[in-house]
Each structure stands twice: as structure tokens, then as C-alpha cells.
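Spelled out from the first residue to the last, the chains are:
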Amino acid sequence: MNKKIQSALISVFYKDGLENIVQELNRLGVTIYSTGGTQQFIEKLGIKVVPVEDLTSYPSILGGRVKTLHPSVFGGILGKRDDETHMQEMKQYNIPEIDLVIVDLYPFEETVASTTDEKAIIEKIDIGGPSMIRGAAKNFRDVVVIAAKKDYAALETLLKEQEGTTTIDQRKSFAAKAFEVVGHYDVAIAKYFATADSLYFLESVPQPKNMRYGENPHQSAVFYGDLSQLFDQLNGKELSYNNIVDTDAAMQLIREFTDTTFAIIKHTNVCGVAQRDTVKESWDAALAGDPESAFGGVLVCNGTIDNATADAINEIFFEVLIAPAYTDEALAVLKSKKNRILLQLKEQPAAKVQYKSMLNGVLVQDIDNGNFTDWTETTKRKETASEKADLIFANIICKHLKSNAIALVKNRQLIGKGCGQTSRIDSLRQALEKAKQFSFDLNGAVMSSDAFFPFDDCVRLGHEAGITAFIQPGGSIRDNDSIDYCSKHNLSMIMTGLRHFKH
């Protein structure tokens, strides 16, 4: 069912892009109602506008809190044109039909981001705007609603090409967008007031971006969010679904370190990481930890990528490189491959919780920001200074491996890791095999475990390989078996009291 726009109500906070629409409405002879700053904007264009106050017979009151909340406004928006009773009542009370509603919302999210002043924030909770948008969207069979500036262009095209006539499908499409705008706005407000005992999972993330595909080519996927807040992309193709997942894992890991660190991520697991005095030395050591798995990985560093490092990195195939800065010479080298993704980190993600869709609901938990609550030396021999540095380093790495996880570290370099195994001893065997594969000397190395040792088999096998110090959460009913073995063989064991399962 086609409808011609003969009257419009316009009340917007942002005026950018509005001029062309107003000019088109004026050309079509549409009666325009407005109020406040929008009314003044239209009048300055030399276009006739009817003040909303002329409809309501009331001025804007309560400091602008009440302007449009009146039957003469909402009756014109909600009245059903094919309902005889509605039309009789509108005629009885001199309520004009309103065919187009252009309304945006007070900048609530922007205000929350810029101030902690509760009074200022509360005043940016829009009441009339969402109500008019909802009313117009509900009555889409008769009314066109525009709730966001990004739809101005579509409306302008419609006014020009269809001379102000709209189809039911067009009106319904605008209504769907309008309900999304209001829904997002309401979630933002609810999140501001939310407490620990909130009754709903409150989340609304804008800016959808269709991915080439999901985790696998037969899966479709969409990313919601603004990656440009976190980094600038300096080169390469668009990030894929798997790129984003691994990039998140890389950024979660690198935020743990302040000393110069380089890491390599593969399928969200750390396959190489090291700390050295320079970025180049850190890269060399990280790659040496597992040069085989590094192929096609995501690389991350917390220092500036210089020419020497770029030349070294350029020798292997990788998907993504993340760093806070690059020299011009380094970029010239790294940009030699057009699909290679180079990201310059601007800031770390601010999220404090993470969530997953599970069964018919959502699991929400705090991000694992801890490393240890206690540093309990459980054995006769205390760790040396170098062992302690390695134990702290290993414990962080283990946190970023899939459970069951074991990390072997020597001189702040990951030299063996086991992850994703269904038994802890199998993860250790995998870690030892990796170290052996790349000819690392395990004598004097340390071992970290993401959860307690259920038996003493891990410390026994580790000791046989040359491990001299262990770090684990503790908490097994058989902790003493592992402690006794370490004490008997002059080994050091630290218990942290903090488990790091990762699934």
C-alpha cells in the first residue's frame, strides 16, 4: 500500500545532512512541524515551519523535558488512517495526520563516555524522542520513521525519485531500523544503571560487519564492533573471523608484559614467546621456541618494529602482526606482501567481562586478570632469582594456553608447551616432545601448570627431563605427594592459589 508524505515532524539533535531533506520536503509541499533548535535551523533555511507548540497549545516546559509529549503529537503519529473511529477522533480534537517522523536521540552514550557527572548523564536520557520513534515505527502502515542520520541519504533518494510516495515495504524497513536504534539506546541506559543482580543479559554492540565467512568456509559470520578504536590497519586484507579470534588472544597475552616481549599465536594458543633486551632478540627467541608452528600465525609485540626485526619477520609467512609502532623502513619491508595484515595498536580492549553463547543462554564471567594470589614456597629448597623470573613468566604463559596446559620456560623463553590435552601428564609429554624436537636443554628449566597436579607423575617426569622448579595453583588432595617428591630431590615448588583453566 503506497502512501504519500504530506506532513512531517522533525526534531533532531544532530543537524548534519538534514538540509537537503528539508529542501526536498519543502519542494513537495509537505507541512513541516518542529520545535526548539531544529525549528530555528529550518527557519534559517527560509522554509516555513509550524511550531509544535501551535499543535499542543503548550510551550516547552520543565527546562525542555516536556515538549512533544501531547495527544496532538502522538495522536497524529499513532492514528490509523484506515480506522474510522481513529479518524473521527482525530478530526474531533483537531489532530493533524503526521506521515513522516525524523527524530534522533540525546547523546547518552557520548555523555557517559565524557563525564561522571550523574546529573548531566541523567539529562541525556531522552524520553520524547524514543516515544515518537516507537509510535511511528509501530504505525509503519501509515508513517515513515527515520531514527538515525545514516538513513538520511535513503530518505532523500526516496523523496527525489518517488516524489514523496512510499511503499509498505519501505516503511516497514525504516521501522525495523528504528526499533533497533531505540533498543540499543535503552540497553545503554540499562547498562548504566545495572547492578550485580541485574535480571537480564544486557549487551548491544553496533556497527555490524559481514565477514568473508566464519570459522570455516561453510559458516556465515558477522563482527559487531569498532576495531578502529583499538588499532589502525596499515596493510593487508580484511581481518577474517579466525584472524579476529587470534588477534584477541594475542592482545590479551601481550597486555600482561611491560618488558620487551614478542609472541606468536596459533589457534589462540601461544606457540612462541620470549623476553629479551631488544625487539629483534625477542623475535628470534620467540620463533626459535617453535618455528614450525609459527607458520601462518599471528604475531604480537609491545615494542617498535624496526628494520632489522622486519627483515627477520619477512622471511616467514604470517597472517597478522600487531605492534604499537613501526619505523618507516620496517613498514617498507613488511608491506611487500599486499595481503599481510599490519596492525598498529592504539589501546587495549576495555572489556572487563567475556561471554559465550551456550545451550539456550549466555555464559558471562570476569576476564582472567589474575596471576597469583599467593606465592607459597612449599619445598625445602627456595627458587633462585632466575628461576623466580622464569616461574612468573611461565605462569602467565600457561594462563593463555588451552587446558590442560603445561608451559616449559628457560631464560624467559617458552621452550615447550602442551595444551588442549585431556590429561595433564599428556600435556607434559607434548611439551617435552616439543622441547626435544627443537633441541632445547631442559636442565635448569621451570614448569608451569594451569591447574593442580593430581598426582606426582608430572613432577617426576619433569625432574627426569631436567626441570628444577615448578609453579602450580595447588589444591589437590594429593598435593603432598608432589611436594614431598620435590623436597626429596632438591627441587623448588611454588603454589599460587589461582587456577587458570581455559576452554
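A short tour of the structure in this document, coming up. Everything numeric here is computed off the predicted structure, so don't read it as measured data.

As for the sheet that holds strand 12 (residues 269-275)
Next up, step 1: An order of 10-17-15-13-11-12 is seen for the 6 strands of this open sheet, with the pairing classed as mixed. Of all strands in the sheet, those bounded by a partner on one side alone are strand 10 (231-235) and strand 12. If you compare each strand with its neighbour and ignore which way they point, the axes differ by 20° on average.
Next up, step 2: In this structure, strand 11 (residues 261-266) lies alongside strand 13 (residues 297-301), joined through 4 bridges in antiparallel fashion. Its bridge partner lying in strand 13, A263 is registered against V300.
Next up, step 3: Running over the sheet, helix 11 (residues 241-254) touches strand 10, strand 11, strand 12, strand 13, strand 15 (318-323) and strand 17 (341-345) and is turned about 150° from strand 11.

What about the layout of surface pockets?
A probe matching the size of a water molecule, rolled over the atoms, marks out where space remains unfilled.
Next up, step 1: Empty space within the second largest pocket amounts to approximately 480 Å³.
Next up, step 2: As for the second largest pocket, its lining consists of 25 residues, and the residues nearest its centre are G64, R65, K67, Y106 and D126.
Next up, step 3: Looking at the lining of the second largest pocket, the elements that each hand over two or more residues are helix 2 (36-44), helix 7 (118-123) and helix 8 (128-138).
Next up, step 4: Of the residues assigned to the lining of the second largest pocket, the class counts are 9 nonpolar, 10 polar and 6 charged.

Here we look at the side chain of H400
Next up, step 1: Within the secondary structure layout, H400 lies in the loop between helix 15 (385-399) and strand 21 (406-409).
Next up, step 2: Apart from the residues within four sequence positions on either side, H400 is in contact with Q252, L253, E256, T268, N269, V270 and K502.

Focus on helix 12 (residues 279-289)
Next up, step 1: Where helix 12 is concerned, the buried positions are V279, S282, W283, A285, A286, L287 and G289.
Next up, step 2: Looking at the buried positions of helix 12, the neighbouring elements they touch are strand 11, strand 12, strand 13, strand 14 (304-305), helix 13 (307-313) and strand 22 (414-418).

Description of the environment of N490
Next up, step 1: With respect to the helices, strands and loops of the structure, N490 is situated in the loop between helix 18 (479-488) and strand 25 (492-495).
Next up, step 2: With 322 residues separating them in the primary sequence, N490 and I168 have C-alpha atoms 81 Å apart.

Brief notes about a nonpolar patch on the surface
Next up, step 1: A contiguous nonpolar patch, built from F201, V205, V222, Y224, V353, Y355, V362 and V364 and spanning about 670 Å² of accessible area, is present on the exposed surface.
Next up, step 2: When residues of the nonpolar patch are traced back to their parent elements, those giving at least two are strand 9 (222-224), strand 18 (353-358) and strand 19 (361-366).
Next up, step 3: The topology assignment puts V353 in strand 18.

Observations concerning the nonpolar core
Next up, step 1: V270, I322 and I397 are the most contacted members of the largest nonpolar core, which totals 39 residues.
Next up, step 2: Among all residues touching I397, those that are not within four sequence positions of it are V270, V273, A407, V409 and L414.

Concerning the sheet that holds strand 25
Next up, step 1: Across the sheet, which stays open at both edges, the 6 strands sit in the order 20-25-24-23-21-22 with mixed pairing between neighbours. Both outer strands of the open sheet, strand 20 (376-377) and strand 22, are each paired with one neighbouring strand and no more.
Next up, step 2: Against the sheet, helix 17 (residues 457-465) touches strand 23 (446-449), strand 24 (469-472) and strand 25, its axis set at about 150° to strand 24.
Next up, step 3: Along the sheet, helix 18 makes contact with strand 24 and strand 25, crossing strand 25 at roughly 150°.

A word on the packing of helix 4 (residues 71-78) against helix 8
Geometry of a packed helix pair, given as the angle between the helix axes and the separation of the axes.
Next up, step 1: At a minimum axis distance of 8 Å, the contact between helix 4 and helix 8 shows a crossing angle of 30°. Between helix 4 and helix 8, the angle falls in the class roughly parallel. Taken together, the residues of helix 8 that come into contact with helix 4 (itself represented by V73, F74, I77 and L78) are G128, S131, M132, G135, A136 and K138.
Next up, step 2: Tallied by class, residues from the contact of helix 4 with helix 8 come to 6 nonpolar, 3 polar and 1 charged.

Definitions and limits used
- Position numbers for residues start from 1 in each chain and track the written sequence from start to end.
- Confidence filtering applies because this is a predicted model: local features only for residues at pLDDT of at least 70, side-chain atom pairs given and counted only at 80 or more, and all residues used for totals across whole chains, interfaces and linings.
- Working from all heavy atoms in the structure, the side-chain values ignore hydrogens and water.
- One bridge is not enough; two strands pair if DSSP finds at least two bridges between them.
- Numbering of helices and strands starts at the N terminus; helices are DSSP runs of H or I of at least 4 residues and strands are runs of E of at least 2.
- Orientation is described by lines fitted to C-alpha atoms, with helices fitted over the stretch in contact, and by angles between N-to-C directions that extend from 0 to 180 degrees.
- Two residues qualify as a contact provided that any one of their heavy atoms is within 4.5 Å of a heavy atom in the partner residue.
- Of the two site types, the cavity is a set of points on a 1 Å grid over the protein atoms alone where a 1.4 Å probe fits but cannot get out, and the pocket is an open set with protein on both sides within 12 Å along at least five of seven lines, each lined by residues with an atom within 4 Å of a point.
- Grid points are joined across faces, edges and corners, and a volume is the space filled by probe spheres set on the points.
- We call Asp, Glu, Lys and Arg charged. Ala, Val, Leu, Ile, Met, Phe, Trp, Tyr, Cys and Pro are nonpolar, and the rest, Gly among them, are polar.
- Each residue is assigned to one of three classes by its accessible area relative to the maximum for its type, calculated with a 1.4 Å probe on protein chains only: buried under 20%, partly exposed between the two thresholds, exposed over 50%.
- Every patch collects residues that have over 30% relative accessible area and no salt bridge, joining them within 9 Å if they carry like charges and within 5 Å if they are nonpolar side chains (Val, Leu, Ile, Met, Phe, Trp, Tyr).
- Where accessible areas are quoted, they stem from the Shrake-Rupley method and a 1.4 Å probe; at the residue level, only the protein chains shown are allowed to cover.
- Salt bridge, as applied in this entry: a Lys or Arg side-chain nitrogen positioned within 4 Å of an Asp or Glu carboxyl oxygen.
- Working definition of a nonpolar core: buried Ala, Val, Leu, Ile, Met, Phe, Trp, Tyr and Cys residues. They are joined through side-chain atoms within 4.5 Å.
- For classification purposes, angles smaller than 35 degrees are called roughly parallel, those larger than 145 roughly antiparallel, those between 65 and 115 roughly perpendicular, and all remaining angles oblique.

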